[in-house]
Amino acid sequence: MPPRRTEKQTATRLTADDWTLAALDAIGRGGLAAVAVEPLAARLGATKGSFYWHFANRDALIEAALKRWETDHTDAVIAMVEIETDPLARLRLLIGMVMESTAGQEADSIELAMLATAGHPHVAPVLARVTERRIAYTAGLFLALGLSRVEAERRALLAVSAYLGHAQLAHAAPQVVPGNAAQRRAYVDRIIELLTAP
């Protein structure tokens, strides 16, 4: 007969990251209300003890999930864009990536859930910080293209607004946004053309 697993051994089978990713998936499927310990434990094939091994409470899990979202959906995107050396190529890559993230089954349901709960005390500061970072980074790209600071900030705000509006449209009425990859590329080209016009 195999030895019984101790609570500590069972709890360490899953990492905090496993729980955080499961919480993000739950947020994408049903918003913050879907982040509940028992259903997540069942989905992960774990016990509540495993959860409490890593997190003090549900709020701590939500905070970790929101931090992970910030890292994956802003910091990581900026790092990928920074690989490009040319400011216009960076802008094209950024806009292409974020518009592509709203397409089809890959639509960023987590982003939409975050926007839907923008007033929540856990979400509000993260969403504000992410939005400010995105606008500031995009403004830096326009500055590098030779625009004045005021104009760079205006166009960055337009670019981020276009992304958020596109994400909402792709979710609510997917038939009205460009459907295939070629159409999306042409759409991104037109956005770049408009945003960089003199």
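Fair warning: this is a prediction, and the values are worked out from it, not measured in the lab.

Calculation rules
- Residues numbered from 1 in each chain as written.
- Predicted model: local features only at pLDDT ≥ 70, side-chain atom pairs only at ≥ 80, totals over all residues.
- Heavy atoms only, no water.
- Axes fitted to C-alpha atoms, helices over the stretch in contact; angles between N-to-C directions.
- Helix = DSSP H or I, 4+ residues; strand = E, 2+ residues; numbered from the N terminus.
- Left-handed = near helix turned anticlockwise from the far one by under 90°.
- Contact = heavy atoms within 4.5 Å.
- Nonpolar A, V, L, I, M, F, W, Y, C, P; charged D, E, K, R; others polar.
- Salt bridge = Lys/Arg side-chain N within 4 Å of Asp/Glu carboxyl O.
- Buried < 20%, exposed > 50% of the residue type's maximum accessible area, 1.4 Å probe, protein only.
- Phe/Tyr/Trp six-rings, centres within 6.5 Å; stacked < 30°, edge-to-face > 60°.

### Let's talk about the packing of helix α6 (residues 87–100) against helix α8 (residues 123–144)
Then, in step 1: Remark: α6 packs on α8, axes separated minimally by 8 Å, with the N-to-C direction vectors making an angle of 145°. By crossing handedness, the relation of α6 to α8 is classed as left-handed. Taken together, the residues of α8 that come into contact with α6 (itself represented by Pro 87, Arg 90, Leu 91 and Leu 94) are Tyr 137, Thr 138, Leu 141, Phe 142 and Ala 144.
Then, in step 2: The residue makeup of the contact of α6 with α8, split by class, is seven nonpolar, one polar and one charged.

### What to know about the pattern of salt bridges
Then, in step 1: Across all of its chains, the model carries 15 salt bridges by this definition.
Then, in step 2: For the salt bridge of Asp 72 with Arg 68, the shortest nitrogen-to-oxygen distance reads 2.7 Å. Here Arg 68 and Asp 72 lie together in helix α5 (residues 58–81), a separation of four residues that amounts to about one turn.
Then, in step 3: The partly exposed category is assigned to Asp 72, whose relative accessible area is 31%.
Then, in step 4: Between Glu 153 and Arg 149 there is a salt bridge, and its shortest N-O distance comes to 4.0 Å. With Glu 153 and Arg 149 both in helix α9 (residues 149–172), this residue pair falls four residues apart, about one helical turn.
Then, in step 5: According to the relative accessible area criterion, Arg 149 is exposed, its value standing at 51%.
Then, in step 6: Shared partners join several salt bridges into a network, and the residues in it are Asp 17, Arg 68 and Asp 72.

### Digging into the packing of aromatic side chains
For any pair of aromatic rings, geometry is given as the distance between the ring centres together with the angle between the planes.
Then, in step 1: All chains considered together, the criterion is met by three aromatic pairs.
Then, in step 2: Both rings, one in Phe 51 and one in Tyr 52, keep their centres 4.8 Å apart while their planes meet at 80°; by these two values the pair is edge-to-face.
Then, in step 3: With a relative accessible area of 46%, Tyr 52 lands in the partly exposed category.
Then, in step 4: Ring geometry for Phe 51 against Phe 55: centres 5.6 Å apart, planes inclined by 25°, an arrangement best described as stacked.
Then, in step 5: On the basis of relative accessibility, which here comes to 0%, the residue Phe 51 falls in the buried class.
Then, in step 6: Every member of this aromatic cluster is reached through a ring pair, and the members are Trp 19, Phe 51, Tyr 52 and Phe 55.

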